[in-house]
Amino acid sequence: MDNSPPPPSALNNFRILYLVTQLVGITIIILVSCWIGIHLNGLGWSSRPSIQFNWHPLLMSVGMIFLYGNSILIYRGFRYARKKPLKITHATIHGAAFIFTVVALVAVFDSHNLAKPNPIPNMYTLHSWVGLSAVILFSLQYVFGFAAYLFPGVREQLRASYMPVHVFFGVAGFVMAIAAALLGLLEKAIFSVKDYSALPPQAVLINTIGMLYIVYGGLVVFLVTERQYKRHPLPEDVMLLTHSASVGST
């Protein structure tokens with residue numbers, strides 16, 4: 001296996017793509033906020049269930065898209081930081097994404113259950129099935145990742161053997177979240193946009209957000225899977241691993 005650091009040209013390309021990824025993610029949040037403010041009557045809570053739903057696309061875009069993607073990229077984006085602070089930051093961003101996601105789920109279920117004159121059925125669309133699967137996978141990743149990499153006393157060999165599983169299902173959960181977001185946009189457009197086929201302004205905005213979801217997801221997956229952009233251990237990381245191994249063998 002080649003453990004040599006990436007060439008400077010690769011790192012320059014990474015920095016450019018990483019910056020573009022952040023700009024796309026921020027643009028998504030801005031456009032979703034504009035969509036909600038201009039076309040969906042803003043935000044409200046349980047006293048106004050018809051617009052309480054609007055928290056769902058906003059918080060899911062922040063949590064399961066933007067923060068999730070940044071959590072995945074944290075090790076490559078801050079490659080010269082020590083590994084332990086990166087682990088804590090990775091877990092913290094995941095935790096924030098989880099909180100946003102829980103509130104988003106409460107909002108959508110409340111908006112359905114409190115709808116007047118009749119409640120709206122829950123969990124019957126493909127969007128809801130894919131979305132809940134992504135949330136469950138994300139939650140399991142968080143629990144198992146915390147236990148493996150932040151819980152003291154876990155052997156380094158076990159952490160190393162679990163790492164490919166953790167990486168694979170982390171990326172898989174993110175891809176599922178992107179798919180769920182696209183399905184949710186399409187569902188909302190079909191249900192609420194009159195003359196969708198005529199591409200009124202709201203339809204154009206929804207389609208643009210969907211395309212940016214794809215661009216953001218593609219960039220995150222590329223940056224996290226491209227071998228040239230892999231973070232290589234710092235000298236202090238190697239010393240820490242050596243120390244842990246020697247302690248575990250005593």
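Here is what the cut-offs are and how they apply
Residues numbered from 1 in each chain as written. Predicted model: local features only at pLDDT ≥ 70, side-chain atom pairs only at ≥ 80, totals over all residues. Heavy atoms only, no water. UniProt positions renumbered as here; feature names shortened; annotations may be inferred. Helix = DSSP H or I, 4+ residues; strand = E, 2+ residues; numbered from the N terminus. Buried < 20%, exposed > 50% of the residue type's maximum accessible area, 1.4 Å probe, protein only. Contact = heavy atoms within 4.5 Å. Areas by Shrake-Rupley, 256 points an atom, 1.4 Å probe, with all protein chains shown as cover. Lys, Arg positive; Asp, Glu negative; His and termini not counted. Charge placed at Lys NZ, Arg CZ, Asp CG, Glu CD. Phe/Tyr/Trp six-rings, centres within 6.5 Å; stacked < 30°, edge-to-face > 60°. pLDDT = per-residue confidence, 0-100. Salt bridge = Lys/Arg side-chain N within 4 Å of Asp/Glu carboxyl O. Polar contact = N/O pair within 3.5 Å; in protein donor to acceptor, adjacent residues only side chain to side chain.

As recorded in an unreviewed UniProt entry, the protein goes by Cytochrome b561 domain-containing protein and comes from Anopheles christyi. On record in UniProt, under Subcellular location (unreviewed entry), the comment for the protein is "Membrane".

A word on the overall build of the protein
Helices and strands together make up the secondary structure of the protein, namely eight helices and zero strands. If you list the helices and strands of the protein from N to C, you get α-α-α-α-α-α-α-α. For the protein, buried positions account for 44% of its 250 residues. At a minimum sequence separation of 6, the contacts of the protein that also span at least 24 residues come to 75%. By element, 72% of the accessible surface of the protein is carried by carbon and sulfur atoms, the whole surface being about 13800 Å². Computing the positive centroid from 16 side-chain charges and the negative centroid from 8, the protein places the two 5 Å apart.

Quick notes on unusual backbone geometry
With omega at 5 degrees, the peptide bond leading from K116 into P117 counts as cis. In this structure, P117 sits in the loop between α4 (83-113) and α5 (126-149). The phi torsion at N41 lies on the positive side, around 70 degrees, for a residue other than glycine. A relative accessible area of 60% places N41 in the exposed class. Of note in the backbone geometry, D195 takes a positive phi value of approximately 55 degrees without being a glycine.

Brief notes about the packing of aromatic side chains
The description of an aromatic ring pair uses the distance of the two centres, along with the angle that the planes make with each other. Counted by the stated rule, this structure contains nine aromatic pairs. With a centroid separation of 5.6 Å and 25 degrees between ring planes, the pair formed by F14 and Y18 is classed as stacked. Placement of both F14 and Y18 in helix α1 (residues 8-39) is noted, with a separation of four residues, approximately one turn of the helix. Here F14 falls in the buried class, since its relative accessible area comes to 3%. Given a relative accessible area of 15%, Y18 falls into the buried group. Between F168 and F169, the aromatic rings sit 5.0 Å apart at their centres with planes inclined by 85 degrees, giving edge-to-face as the arrangement. Here F168 falls in the exposed class, since its relative accessible area comes to 53%. Classification of F169 by relative accessible area gives partly exposed; the value is 34%. An aromatic cluster is built from F66, Y68, F138, F174 and Y216, whose rings are joined through pairwise contacts.

Things to note about the confidence of the model for the protein
In this model, the protein carries a mean pLDDT of 88, and residues with pLDDT of at least 70 account for 90%. At the level of individual helices and strands, the protein shows its lowest average pLDDT in helix α8 (residues 235-249), which scores 48, and its highest in helix α7 (residues 201-225), which scores 97. The low-confidence segment residues 238-250 (pLDDT under 50) makes four contacts with residues lying over four places distant or belonging to another chain.

Details of the pattern of salt bridges
Scanning all chains against the criterion turns up one salt bridge. R159 serves as the salt-bridge partner of E156, at 3.6 Å between the closest nitrogen and oxygen. Remark: R159 and E156 occur in helix α6 (residues 156-192); sequence separation between them is three residues, near one turn of the helix.

Quick word on the UniProt feature "transmembrane region" (unreviewed entry) in the protein
Cross-referencing UniProt, the feature "transmembrane region" (unreviewed entry) maps to residues 16-38, 58-78, 90-109, 129-151, 163-183 and 203-224 in the present numbering. As a span, residues 90-109 carries 100% helix and 0% strand, and end to end its C-alpha atoms are 29 Å apart. Here residues 163-183 runs as 100% helix and 0% strand, with 30 Å between its end C-alpha atoms.

Topic: the side chain of H90
Within the element layout of this structure, H90 appears in helix α4. Since its relative accessible area comes to 15%, H90 is described here as buried. Polar side-chain contacts of H90 include one of 2.8 Å to the backbone oxygen of S71. Leaving out residues up to four positions away in the same chain, H90 has contacts with S71, I72, I74, Y75 and H166.

Considering the side chain of R76
Within the element layout of this structure, R76 appears in helix α3 (residues 55-77). In this structure the side chain of R76 is engaged in a polar contact, spanning 2.7 Å, whose partner is the backbone oxygen of E226.

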